[in-house]
Amino acid sequence: SQTIHQWPATLVQPVGSPLSLECTVEGTSNPNLYWYRQAAGRGLQLLFYSVGIGQISSEVPQNLSASRPQDRQFILSSKKLLLSDSGFYLCASSWDGELFFGEGSRLTVL
Amino acid sequence: DQQVKQNSPSLSVQEGRISILNCDYTNSMFDYFLWYKKYPAEGPTFLISISSIKDKNEDGRFTVFLNKSAKHLSLHIVPSQPGDSAVYFCAASEYRTDKLIFGTGTRLQVFP
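Before going into details, it helps to say that this report is about the structure given with it. (Residues numbered from 1 in each chain as written. Chains lettered and ligands numbered in written order. Predicted model: local features only at pLDDT ≥ 70, side-chain atom pairs only at ≥ 80, totals over all residues. Heavy atoms only, no water.)

Considerations on the sheet that holds strand β3 (residues 19–25) of chain B
Residues and elements named next belong to chain B. Just so we agree on the cut-off: For two strands to be treated as a pair, DSSP must find no fewer than two bridges joining them. Only DSSP runs of H or I with at least four residues qualify as helices, and only runs of E with at least two residues qualify as strands; both kinds are numbered from the N terminus onward.
In spatial order, the strands read β1-β3-β8-β7-β6; together these five strands make up an open sheet with antiparallel pairing. Either end of the sheet is taken by a strand with one partner, and the two such strands are β1 (4–5) and β6 (56–59). As judged from the six bridges shared by β3 and strand β8 (residues 72–77), these two strands associate in the antiparallel manner. Across the sheet, Asn22 pairs through a bridge with Ser74, a residue of β8.

Following this line, the structure appears as structure tokens:
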């Protein structure tokens, strides 16, 4: 089975500061990896997905970016946070048509 | 454009009764559907799935129904228990591809 680690679990950042959320996956190789954001009224919104190292697809235009420097590592970043970036961010990995999620990272931008 | 919609943001049900959560989709290419359950500050966990070759799938207290002509699916929980109180998301994809599109979620509250 897969285990997904996400950190930090909670983050409070000022507007204009950078962001780095990290996700690592255990128990599988060459996984497809995803970043989702849970926002009020929008459910779980797919932000990025990656099918391999260095391969990133962006689903929505936004202030965020993603990188996959290693097979089982997925990073969500921003150079300058906006208030609207506040939310609950979830990393996910897929297997056999299902997504398995990490515990999530709560980001508050002040 | 919200391809997967859950029009009821919340639902309140008495313990022991049936909970019915509904989901509608617009993309006719979707043919694999899942339900996830989510507690606050946790990642969603998989509940049950159904592919388009079926119209019903059952797992214990949970049953998912699919009506392809109406582009509608529903999750039935019988009997409902207080521990079922959570947010439920439906999700859809083109068959067994990994990119799931989620609905907006329905918060279920089961009271004694």
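Overview of the interface of chain B and chain A
Here is the rule: Residue contacts are defined here by distance: any two heavy atoms, one from each residue, within 4.5 Å place the two residues in contact. In what follows, salt bridge is the name for a side-chain nitrogen of Lys or Arg lying within 4 Å of a carboxyl oxygen of Asp or Glu. Polar contact is defined as a pair of N or O atoms within 3.5 Å, subject to the rule that within protein one atom must be able to donate a hydrogen and the other to accept it, and that residues adjacent in sequence are counted only when both atoms are side-chain atoms. We call Asp, Glu, Lys and Arg charged. Ala, Val, Leu, Ile, Met, Phe, Trp, Tyr, Cys and Pro are nonpolar, and the rest, Gly among them, are polar.
Of the residues lining the interface, 18 residues belong to chain B; the matching set on chain A comes to 21 residues. Applying the counting rule to chain B against chain A returns one salt bridge. A salt bridge links A:Glu59 to B:Lys99, with the shortest nitrogen-to-oxygen separation between them at 3.5 Å. For the pair chain B and chain A, the interface holds four residue pairs in polar contact (both at pLDDT 80 or more). Of the residues that constitute the side of chain B that touches chain A, the class distribution is nine nonpolar, four polar and five charged.

Structural notes on unusual backbone geometry
Where we set the bar: For each residue, the accessible area found with a 1.4 Å probe, counting protein chains only, is set against the maximum for its type, and the residue is called buried under 20%, exposed over 50%, and partly exposed in between.
Each neighbour pair has its own omega, and for A:Trp7 with A:Pro8 the value is -5 degrees, a cis peptide bond. As for its placement among the helices and strands, A:Pro8 is situated in the loop between β1 (3–7) and β2 (10–13). Backbone torsion omega between B:Val78 and B:Pro79 reads -15 degrees, so that peptide bond is classified as cis. Locating B:Pro79 in the fold gives a position in the loop between β8 and β9 (86–93). With a phi angle near 60 degrees, B:Ala41 is a residue other than glycine that sits in the positive phi range. The residue B:Ala41 is located in the loop between β4 (32–38) and β5 (45–51) in this model. The backbone phi angle of B:Lys71 is positive, close to 55 degrees, even though this residue is not glycine. Residue B:Lys71 is classed as partly exposed on the basis of its relative accessible area of 25%.

These figures come from the coordinates and say nothing about function on their own.
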